[in-house]
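A closer look at the structure
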Protein chains: 2
Amino acid sequence: MSLVVQKFGGSSVADAESIKRVARRIVDTKKAGNDVVVVVSAMGDTTDDLLDLANQVAPIPPARELDMLLTAGERISMALLAMAIASYGHEARSFTGSQAGMITDEVHGNARIVDVTPRRVEEALAAGAIAIVAGFQGFNRRTGDITTLGRGGSDTTAVALAAAMNADVCEIYTDVDGVFTSDPRVVPAAHKIDHITYEEMLELAAAGAKVLYIRAVEFARRNQVRLHVRSSFNHKEGTIVSDLTPEASMEKPVITGVATDKSEAKITVVGVPDVPGKAADLFTRVAAEGVSIDMIVQNVSAAATGLTDISFTLPKDRGARVLAALDASKEDLGFQALQYDDQIAKLALVGAGMRTHPGVSARFFTALAEAGINIEMITTSEIRISVVTRVDTLDDAVRAVHTAFGLDADGEAVVYGGTGR
Amino acid sequence: MSLVVQKFGGSSVADAESIKRVARRIVDTKKAGNDVVVVVSAMGDTTDDLLDLANQVAPIPPARELDMLLTAGERISMALLAMAIASYGHEARSFTGSQAGMITDEVHGNARIVDVTPRRVEEALAAGAIAIVAGFQGFNRRTGDITTLGRGGSDTTAVALAAAMNADVCEIYTDVDGVFTSDPRVVPAAHKIDHITYEEMLELAAAGAKVLYIRAVEFARRNQVRLHVRSSFNHKEGTIVSDLTPEASMEKPVITGVATDKSEAKITVVGVPDVPGKAADLFTRVAAEGVSIDMIVQNVSAAATGLTDISFTLPKDRGARVLAALDASKEDLGFQALQYDDQIAKLALVGAGMRTHPGVSARFFTALAEAGINIEMITTSEIRISVVTRVDTLDDAVRAVHTAFGLDADGEAVVYGGTGR
């Protein structure tokens, strides 16, 4: 008998009909002879609705109470799902994060899992029941308080449970058929990837692919949890995320996919004195605003003035905040001016084969040049090349690169990996 | 420093504005130098909305899961209330039933409190915070499962906490000014009662007064918890429910109030063989449907036939169920026919003074007769007389009795007790 962990997101349980459909799917998996543990998110817009209410009663809701509020969302969806399963003649028992033993640290709103003790989940399976576990939530032992895991928390719950219970597979249900070589809405020739490594999936997720959250993929890699990203609307095989066997590696294509991200903006700090410690000072002030910086470019300083320009990208929704903080520090930092640009976009080429195949960069930049795309910033990792372009040229850029690396569905015969939407 | 327990029902926290208003009231009580424990129900129609969802996914939702679902309601309201209090500069910590130590038996949907261990609530008060506790919910130690206390559960939570923590008063906030001598919508001359005994309050609640639930009043009486029923919309003194001192007793009026109830129907079982055990058999079958019977009348049997008629009242919403069960047992019970009447109403005259003042019955039936009211059934307790009349004559009946016993606000000078809405 296999142990299957299935995770259903909010859009899969948005209303009573969807919940019944998901319940039938779960019952099918159980009937096929599996032990089934289900992790479920809050229904549709529930979390946003609760956040709206919070903002109506308090300008800055205390984090402890916000966690208490938001965890009501999964409580509703998991109980309804258990009821729907019961109506199909199978026993299901729902468990909160604390009942399922999701032990976390004390950081409300962004807690880390420190231990998983799923005794009650195991008891439910032993009794022949299907276990339904609330995603996104945990419990701190010292305070006795409820915590939440932050963005993508339900994915993390599912992977953590799968790891702790040594599940055969952790199925992540979504509204697309799997992980794609690029966003099919932009690149019509994009196709589903059958198999992708954790490492490639991490790079794609970091570069903007939204189908899986980085944290859940990291957790899966560390614990060797086999992920299966698939659609909740059909029974097609989706994308398997795992480590490749050496044999499989040899047949692996050079490039897995092309990810894009339009959610970032660029700040340029003009005329910074090019003396040791200035950049550190600058980024310390940005970090103090709780902002993660992605790409950084520093120009060669002009010999005559000893001044340089520093550009970096950051999430658009933090732009105003960081600009205000830097402006307040203008005298200390000694720069001349700030420039803000929210018409940029990022494009990332990802593939484990880059390590061993020379010429990838050349082919990449040639493709972009031939398509007339201007490149503003570049960063690389071992298995990724990222560039910043104008947002209005992004779609042309991604199509050009997708074709250049033979990723188009009607292109080369080998199936490549890539990014979902 | 006094310890005050305040309970706010769903209509007091129906939206963000109401929650902020209630938060200000709680903060005022804290600022006046009191320790404050707040018990809160789910917002407005939340419970009904959740029940609707449950019925959409499952015809007969499992009781365990229904409790899991419904307890999301108070989780939302209590977290929002704590946030609103924080926005006024005071710390508030919300606690679920299980966090607040409301230990119950295992009966989902109608659990009984078996122990209250409010350690975390006491810690919150010791730290200078206001404690917010979810009403209606508890926790079973053996199963580790969440339970709910059934109808009026939040009143019971408040009284149980007040008893366990030895509170100075348990304030029950509602949308009327207190307990009234009768329903002011029917009897314009009805007025608020300043002070009523537990015993009288129990009789009024049992007879249809909705301002307090029987179970909470019983709990308060057993543990000598002083209740203060008052409006959440103004700061007027409401109605105190407690045991009277002997001095106060002497000045207590004969009659406290007149309660009415239109929620019941009457079933008449026609032509039952008048032999020992038949009535027991009949009512055993009714009890098997989980129905509480209130009034029973058995006619003197006709000598010629040896048959009798038995009539009883029961909640209207159980009528169809009980009729079906009796009809299925027609042969066993040997009756001739069933009659169902949902056009009845009950009227109850309540007053501790009945024990020692003769002539109350005479005055009561005279008043009804003079108003032309036909009486169909009668039952009495030591301090109550109840009758069943036609529902369309009920309003005339209650006004006639209210006046006859000098309960009208501009009537006799003594202030009497009575029923709320």
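Residues numbered from 1 in each chain as written. Chains lettered and ligands numbered in written order. Predicted model: local features only at pLDDT ≥ 70, side-chain atom pairs only at ≥ 80, totals over all residues. Heavy atoms only, no water.

Two aromatic rings, taken as a pair, are described by how far apart their centres are and by the angle between their planes. Using the criterion set out here, one finds six aromatic pairs over all chains in the structure. Judged by centre distance (4.5 Å) and plane angle (10 degrees), the rings of A:Phe8 and A:Tyr173 are stacked. Separated by 165 residues along the polypeptide, A:Phe8 in strand S1 (residues 3-8) and A:Tyr173 in strand S9 (residues 169-174) bring together distant segments of the chain. In this structure, A:Phe8 and A:Tyr173 share a single accessibility class: buried. The cationic tip of A:Arg64 hangs over the ring face of B:Phe95; the distance from NZ or CZ to the ring centre is 5.3 Å. The positively charged end of B:Arg222 is found above the aromatic ring belonging to B:Phe219, 5.4 Å away from the centroid. (Phe/Tyr/Trp six-rings, centres within 6.5 Å; stacked < 30°, edge-to-face > 60°. Helix = DSSP H or I, 4+ residues; strand = E, 2+ residues; numbered from the N terminus. Buried < 20%, exposed > 50% of the residue type's maximum accessible area, 1.4 Å probe, protein only. Lys NZ or Arg CZ within 6 Å of the ring centre and 35° of its normal.)

Quick look at the sheet that holds strand S12 (residues 239-241) of chain B now. All names here are of chain B. Read from one edge of the open sheet, eight strands run S3-S6-S2-S1-S9-S11-S12-S10, paired in mixed fashion. Two strands close off the open sheet at either side, each with one partner strand: strand S3 (92-95) and strand S10 (195-196). As defined by bridge partners, strand S1 (residues 3-8) adjoins strand S9 (residues 169-174) across five bridges and the pair is classed as parallel. Residue pairing in the sheet places lysine 7 in a bridge with isoleucine 172 of S9. Against the sheet, helix H6 (residues 153-164) touches S1, strand S2 (35-40), strand S6 (130-134), S9 and strand S11 (227-231), its axis set at about 155 degrees to S2. (Pairing = 2+ DSSP bridges. Contact = heavy atoms within 4.5 Å. Axes fitted to C-alpha atoms, helices over the stretch in contact; angles between N-to-C directions.)

A few words now on the side chain of B:Asn234. Residue and element names in this part refer to chain B. Position of asparagine 234 among the secondary structure elements: in the loop between S11 and S12. A polar atom in the side chain of asparagine 234 sits 3.0 Å from the side chain of aspartate 177. For asparagine 234, the contacting residues outside a window of four places in its chain are Arg25 and Asp177. (Polar contact = N/O pair within 3.5 Å; in protein donor to acceptor, adjacent residues only side chain to side chain.)

Residues and elements named next belong to chain A. By the burial criterion, the buried members of helix H10 (residues 278-287) are Lys278, Leu282, Phe283 and Val286. Here the buried residues of H10 occupy an arc of 120 degrees about the axis, which is enough to place them on one side. Here the buried face of H10 lies against strand S14 (264-273), strand S15 (296-298), strand S16 (307-315), helix H11 (319-328) and helix H12 (330-333). (Arc of directions from axis to C-beta.)

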